[in-house]
Amino acid sequence: MKYQCAHRWAFKSWGGELELSEDALPSVIGHEVTLRVTHCGMCHSDLHIQAGGFDMGGGRLSSLERAGSKLPVTLGHEIVGEVVEIGPEVTSVRLGETVIVYPWIGCGECPTCLRGDEHLCVRAARNMGLQVPGGYADVVRVAHARYLVPVGTLEPARAATFACAGITALSAIRKLPAVTADDWVAVIGCGGVGMTAVALLSTTAPAKIVAIDPDPTKREAALRHGACAAYDPNQPDAFKVIGKACSGNIAGAIDFVGAESSSSLAVSLVRRAGQVIIVGLFGGEFRMALPMFALKSLSISGSYVGSLPDLRELVALAQRVTLPEIPLDRRPLNSVNQALDDLSHGRVVGRVILQP
Ligand SMILES: [Zn+2]
Ligand SMILES: [Zn+2]
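Residues numbered from 1 in each chain as written. Chains lettered and ligands numbered in written order. Predicted model: local features only at pLDDT ≥ 70, side-chain atom pairs only at ≥ 80, totals over all residues. Heavy atoms only, no water.

A.B. asks: Run through the coordination of the zinc ion (ligand 2), naming residues and quoting values.
C.D. replies: Those protein atoms acting as donors to the zinc ion (ligand 2) are Cys107 (SG), Cys110 (SG), Cys113 (SG) and Cys121 (SG), and they sit at 2.3 to 2.4 Å. Taken together, the 4 donor atoms coordinating the zinc ion (ligand 2) and their angles of 104 to 117° define a geometry best described as tetrahedral. All donors of the zinc ion (ligand 2) come from a single chain, and their spacing in sequence reads C-x2-C-x2-C-x7-C. Of this pair, Cys110 sits in the loop between β8 (98–101) and α2 (111–114) while Cys121 sits in the loop between α2 and β9 (139–142), and the two are 11 residues apart along the sequence. Across the pair, exposure class does not vary: Cys110 and Cys121 are buried alike. (Donors = N, O, S within 2.8 Å, 3.2 Å for Na, K, Ca; no water. Tetrahedral: all angles 85-135°; square planar, octahedral: opposite > 155°, others 65-115°. Helix = DSSP H or I, 4+ residues; strand = E, 2+ residues; numbered from the N terminus. Buried < 20%, exposed > 50% of the residue type's maximum accessible area, 1.4 Å probe, protein only.)

What follows is the structure, given as structure tokens:
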């Protein structure tokens, strides 16, 4: 069936509400594919994108507009849909198939893209849900069939969250140093992404995991998903207590919060020659005494979403091992503004999945 237009929920000014618009959809050409969106996850990044930037600390905000993003923006980068139209050169997906979209699309031509890291493209990103219309719509157009991964036996609503939350967890744990069964890894922030990291680590790495989160229910869940210990970062002398419990042998710490307090805790916790990986985008700034880099032989890196091969690997892995079932909060697409408001006020448990 040919779709001649897309009904998209887009904001037309930074910080503005999403409004429904009807946009003409040109015919598919080449390797393009049209999907009927069945599920689209809502991510915290959507709030930052809608606001127009990130908190860079000291009252400064980054600007997506200055970085070249144009209005209007149709949000939504955790998309699952049914293939309804394929270009003449498409051979890898069939009509009627349910697929996950890899949304972090680069220029496809720069050395970074050619290396397979399109999410880190240095030239002209075409991320769906920011530069290119995303999944808060009835249909989406995908530039090339190679960005589509069949859901297989996975539940589609859950599979949608793999496109951002899932690969973010996988890509972050890949940046850890080689660990043994005597080593510890700290996971700071056990929301959806952090909890997925705990589960992936427990099935793929020999190290012991210490989960760190102020919420006791999240700490309990982390213990069920393979953490050996769990602590509240706000307890008195948290870093001493946690350090002692882990015999001072924390080889790596992944900060899924990305706040000033969580990143400094991560740096204090790791042993000499340890690795800190900052993933969360809560915001603020990071200060550290410069001699500590040398004295501790410390490595600090960031990690941003993941690659297309990461998504393919995660989808395969999830069909072999049991990953944590992050609670899903299913809502109709036309309540998107309410859902964004609820997310920004902490009134969402788990992941919102919008369904057109
Ligand atoms: Zn996201
Ligand atoms: Zn590129």
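A.B. asks: Before we move on, could you go through the coordination of the zinc ion (ligand 1) and cite the residues and values that matter?
C.D. replies: Each pair of donors in an ideal octahedron of six around a metal sits at 90 or 180 degrees, and each pair in an ideal tetrahedron of four sits at 109.5 degrees. Only Cys43 (SG), His77 (NE2) and Cys164 (SG) from the protein coordinate the zinc ion (ligand 1), and they sit 2.0 to 2.2 Å from it. In the primary sequence, the donor residues of the zinc ion (ligand 1) line up as C-x33-H-x86-C. Placement of Cys43 in the loop between β3 (33–41) and α1 (44–51) and of His77 in the loop between β6 (73–74) and β7 (78–86) is noted, with a sequence separation of 34 residues between them. One exposure class covers both Cys43 and His77, and it is buried.

A.B. asks: Tell me what's going on with unusual backbone geometry, and back it up with residues and numbers.
C.D. replies: Across the junction of Leu71 and Pro72, the peptide omega takes the value -5°, indicating a cis bond. Positioned with a positive phi, Ser297 is a non-glycine residue whose angle comes to about 50°. Turning to its location among the elements, Ser297 is positioned in the loop between α9 (291–295) and β16 (299–302). The phi angle at Val305 is positive, at roughly 35°, despite the residue not being glycine. Its location among the elements puts Val305 in the loop between β16 and α10 (308–318). Exposure remark for Val305: the relative accessible area of 5% places this residue in the buried category.

A.B. asks: I'd like a rundown of α1, residues and numbers included.
C.D. replies: Because an α-helix completes one turn every 3.6 residues, residues spaced three or four positions apart along the sequence face the same direction. For α1, a buried count of 6 out of 8 residues is recorded, marking the element as mostly surrounded by other parts of the structure. Of all the positions in α1, only Ser45, Asp46, Leu47, His48, Ile49 and Gln50 are classed as buried. The elements touched by buried residues of α1 are β1 (5–11), β2 (18–24), β3, β6 and α11 (336–344). One or two residues past the end of α1 sits Gly52, with phi positive at roughly 95°. (Contact = heavy atoms within 4.5 Å.)

A.B. asks: Would you mind going over the domain arrangement of the protein chain in detail, with residue names and values included?
C.D. replies: The extent of an interface is frequently quoted as the accessible surface area lost upon association of the parts. Under the domain assignment, the protein chain is made up of domain 1 (5–164 + 306–355) and domain 2 (167–302). Distance between the C-alpha centres of domain 1 and domain 2: 28 Å. With 25 residues of domain 1 at the interface, the matching set in domain 2 holds 17 residues. Taken together, the two surfaces of domain 1 and domain 2 that pack against each other cover about 1600 Å², and 63% of this comes from carbon and sulfur. At the junction of domain 1 with domain 2, the criterion picks out 3 salt bridges. In terms of residues, the side of domain 1 that touches domain 2 owes the most to one element, α10, which gives 5 residues. Here the side of domain 1 that touches domain 2 is composed, by residue class, of 14 nonpolar, 6 polar and 5 charged. (Domains from an automatic or database assignment. Buried area = accessible area lost by both parts, 1.4 Å probe. Salt bridge = Lys/Arg side-chain N within 4 Å of Asp/Glu carboxyl O. Nonpolar A, V, L, I, M, F, W, Y, C, P; charged D, E, K, R; others polar.)

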